[in-house]
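Summary of the model geometry
The chain contents come next:
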Amino acid sequence: MGALAKEFSQAVNQGDVVVASGFTVGKSPTVNKDKLHPCNLLLSGDDAYIYVSRLPTPPDPGSQPAVKRGSALSAQVSRTTKAPKYTYVRLGDLKAGPAVNVYGVVTFFKQPYKSRGTDFCSILKITDQSKKEILCKVFCKKLEDHPNIFQIGDIVRLHGVKPHSYRNCIELVKTFGFSALTFDGVVGRPVEPRTSSRSFHFDQDDRRVVEELRSWASGQGFLPAVSTITLSAVEPKQYFDLTCQLLAKAPIDTTCILLRVWDGTRCPYKLLKVIVEPDVTEGPSSFSAEKESVIANILIYDNHVESAKQLKPGDFLRIYNLRAIPGSSKVPGLTSTQAVEVDHMAFHLHGGTAFGRGIRLLPEDSPEVQELKRVIAAIPGDEELSDSEMMEVWSTPPESLERTCGHDVQPVMLSQLKRSEPGRVHHVRVQLRSYEPLRLHQALKLYCSKCTTMREVPDDEVVDGVFSEASRDSGPCSPPTWALSGQVDAPRDTPNRALGVHLSTQLVSEGRSKELVFLRGSTLEETCHLASTYQNIVPVRSSGGQMDLLDLSAPFLFRGRKRYYGCKRCSEAAVREPCAVGVELIDEKVVAEALGVQLLQFVLLMKLELQDSTDTLDVFLWRDAENFFAVAAEDAAASQEAQNSIHQAMNFLCPPGGSTGERPWMDLCLASYEAKDNGGQNQTCYQICQTIFTRPPSSTRSNPNPA
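Attention here is on the structure that accompanies the text. Treat the numbers as computed from the prediction; the structure is a model and nothing was measured.

Along the chain, L550 falls in the loop between β24 (546–549) and β25 (557–559). Each C-alpha atom of the pair L550 and A470 lies 7.0 Å from the other, and the pair is 80 residues apart in sequence. Setting aside chain neighbours within four positions, we find L550 in contact with V466, F467, A470, P539, V540 and R541.

As structure tokens, then:
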């Protein structure tokens with residue numbers, strides 16, 4: 001009645017969801033006459049609210065009209081913003097009764113586990129400044145509705161929990177209207193709620209409560225000094241929590257699954273080796289020796305197997321109550337292929353939920369994951385994705401594959417794309433979840449179009465070693481009959497040091513002596529310095545008194561700042577005079593043909609993990625990488641400006657430390673094709689094609705409704 005009734009009638013429409021607060025339930029005096037519900041909702045005091053929510057679109061927290069008894073009338077009630085006002089009860093003041101809202105610091109928790117019914121159950125204990133510890137039990141059908149707790153010390157806000165007495169103690173249980181927000185409990189970190197809800201209320205008063213709980217909890221003794229332990233600090237027989245990245249996984253039997261993980265540190269003990277078939281492994285089946293030395297095999301048992309099946313290689317995890325078992329270990333289910341290994345450390349996640357045992361997926365923008373990424377990136381010699389790993393899942397598309405796209409194809413979701421037959425081009429709208437390699441200079445490869453092999457671009461240390469070895473072995477050399485020989489001073493402050501040079505008589509006679517020089521006895525540094533003077537420099541050495549090319553591990557040609565390499569397998573290299581008759585410009589192709597070198601092509605090769613609302617998908621950027629970035633791979637190998645252009649593009653598409661919501665949506669064309677892996681098994685691969693990266697003029701990064 002009155003103002004409340006009038007404002008409510010203006011705000012509500014048929015089909016809306018209505019939530020009433022501050023009412024009591026009473027018997028209806030007219031139930032026998034009108035045959036309606038036997039109970040009525042009655043106003044109780046001055047704190048009555050009615051909230052109106054319109055479906056199916058989830059309401060914005062500021063768009064829920066709330067009407068209150070005694071409030072002033074407003075013609076804008078159905079359009080204006082009125083945030084709900086919640087009250088919170090200190091844990092020390094809880095009494096058995098109706099549902100309440102509370103804040104607390106987590107002192108113990110169990111990850112959600114399957115109950116005997118249809119729900120998942122999670123258990124936690126919380127406390128606050130009253131120093132009263134309260135047990136909370138949450139039963140929800142969906143995992144995402146549970147409190148998203150990562151560690152002891154996290155702060156939770158629980159709405160709609162009912163206090164009840166059990167064995168003379170107050171416990172909290174979930175009731176109607178339950179919701180949960182979780183916050184990092186570390187002082188100084190951003191106050192960012194963790195929740196799957198798209199609509200929740202959080203204001204400055206809430207922020208103040210979180211900050212006060214953080215400050216109070218930091219001085220209490222129940223918080224652990226170290227939340228997790230790295231592999232390098234693990235001791236035998238220890239139970240510990242591990243923050244890590246999943247690299248690969250494979251089923252062992254129905255009660256056990258293998259997770260291959262790393263955290264960027266090396267365990268000081270010999271670790272258990274687990275042999276599984278490559279065709280059952282999800283993710284790379286092998287790694288480089290350097291990377292293998294920092295990978296741990298973890299055996300997941302019983303009720304945790306189902307959770308582990310949902311994980312994907314590349315995910316960041318926290319594994320709780322992991323056990324380090326020393327001595328003799330044997331892997332279940334592999335009696336024919338896995339021998340008993342003595343004095344090897346094994347990591348087991350046993351069944352059950354005691355001591356909070358379980359697995360939690362960590363978001364990529366969490367501080368723990370950002371720190372883990374920094375540690376992993378600092379591993380010496382690690383190459384995020386080695387060529388052998390890349391080639392396991394990468395293959396050259398067949399030449400007959402139609403790779404054109406009219407761009408008028410209707411976009412498909414990734415889940416639908418994965419069910420499609422290979423050999424087609426698809427249009428998708430996605431975000432970039434991650435990419436490899438993280439060090440972008442490692443995306444540069446050398447590709448042979450003849451034998452279709454791919455190799456890394458050698459670093460300066462390797463190339464300098466080839467030059468140094470050739471210089472040490474250099475002896476008397478008889479130049480070929482077509483060459484004019486001489487010496488030039490070494491371009492550095494070394495007295496009495498001269499370098500041998502050999503010129504083409506044909507080019508000298510035409511006044512083109514600086515267009516091609518064969519240089520002998522120089523270091524890498526000296527060759528690079530002289531490359532600014534001569535258009536083409538071919539480094540040579542003395543071999544058996546004859547002039548010969550350097551090992552093809554080093555560049556066979558220097559042109560200004562650019563270096564060119566040859567394929568060892570396909571080249572029949574020898575020092576010969578290039579035929580310059582009728583050739584206006586001597587370039588790398590002319591020199592390579594004269595020397596019998598199969599020229600290697602600079603290419604960009606990256607692995608991208610795409611995502612949309614339905615699934616994720618690994619794709620490769622190779623054939624059309626130069627078009628995508630509008631940068632030639634050859635330029636990226638020699639120009640810092642070109643490298644910066646690629647780096648800026650990737651930072652825009654996948655901001656370092658940024659949340660998924662900050663990443664722009666991309667319209668891509670994907671070519672799907674069938675290829676065989678190293679084991680001869682058929683698999684479907686995907687490459688980005690017919691797509692050019694264009695930075696939008698607007699600063700808007702994300703579209704919440706990309707489809």
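Grouped together as the largest cluster of nonpolar side chains are 63 residues, with contacts concentrated most on L432, L608, L610 and F629. The element contributing the most residues to this core is helix α15 (residues 640–653), with six residues. If you count residues domain by domain, this core takes at least three from each of domain 4 (414–442 + 604–689) and domain 5 (457–597).

This next bit is on the sheet that holds strand β18 (residues 444–447). Taking strand neighbours across the sheet as the criterion, the three strands line up as β19-β18-β27 in an open arrangement whose pairing is antiparallel. Of all the strands in the sheet, just β19 (454–456) and β27 (601–604) have a single pairing partner and so form its edges. Averaged over all pairs of adjacent strands, the angle between their axes in this sheet comes to 40 degrees, without regard to strand direction.

This part takes up the packing of aromatic side chains. Applying the stated criterion to the full structure yields 11 aromatic pairs. Judged by centre distance (5.3 Å) and plane angle (85 degrees), the ring pair of F109 and Y320 falls under edge-to-face. In this pair, F109 is assigned in strand β6 (residues 100–114) and Y320 in strand β14 (residues 316–325), connecting sequence segments 211 residues apart. Each of the two residues, F109 as well as Y320, counts as buried. K137 extends its terminal NZ or CZ atom over the ring of Y166, reaching a point 5.8 Å from the ring centre.

This next bit is on the pairing of strand β16 (residues 358–362). Note on strand geometry: in a regular strand, side chains alternate between the two faces of the sheet. Among the five residues of β16, four are classified as buried, and the element is accordingly described as predominantly covered. Where β14 meets β16, five bridges bridge the pair, whose relative direction is antiparallel. When the bridges of β16 are listed, R318 appears paired with R360.

This part takes up the sheet that holds strand β7 (residues 120–127). Backbone-to-backbone hydrogen bonds pair the strands of a sheet. The strands run either parallel or antiparallel. Taken in spatial order, the five strands close into a barrel running β6-β7-β8-β10-β9, and their pairing is mixed. Mean inter-strand twist for the sheet, computed between neighbouring axes without regard to direction, equals 45 degrees. Examined bridge by bridge, β6 and strand β9 (residues 155–166) share five bridges and lie antiparallel to one another. The residue bridging V100 from the neighbouring strand is V161, located in β9. Against the sheet, helix α3 (residues 204–217) makes contact with β6, β7, β9 and β10 (169–183), and its axis sits at roughly 70 degrees relative to β6, the strand it touches most.

Looking now at the side chain of K445. Mapped onto the elements, K445 comes out in strand β18. Separated by 3.0 Å, the side chain of K445 and the backbone oxygen of Q442 make a polar contact.

About the thresholds
- Residues numbered from 1 in each chain as written.
- Predicted model: local features only at pLDDT ≥ 70, side-chain atom pairs only at ≥ 80, totals over all residues.
- Heavy atoms only, no water.
- Helix = DSSP H or I, 4+ residues; strand = E, 2+ residues; numbered from the N terminus.
- Contact = heavy atoms within 4.5 Å.
- Core = buried A, V, L, I, M, F, W, Y, C linked by side-chain atoms within 4.5 Å.
- Buried < 20%, exposed > 50% of the residue type's maximum accessible area, 1.4 Å probe, protein only.
- Domains from an automatic or database assignment.
- Pairing = 2+ DSSP bridges.
- Axes fitted to C-alpha atoms, helices over the stretch in contact; angles between N-to-C directions.
- Phe/Tyr/Trp six-rings, centres within 6.5 Å; stacked < 30°, edge-to-face > 60°.
- Lys NZ or Arg CZ within 6 Å of the ring centre and 35° of its normal.
- Polar contact = N/O pair within 3.5 Å; in protein donor to acceptor, adjacent residues only side chain to side chain.

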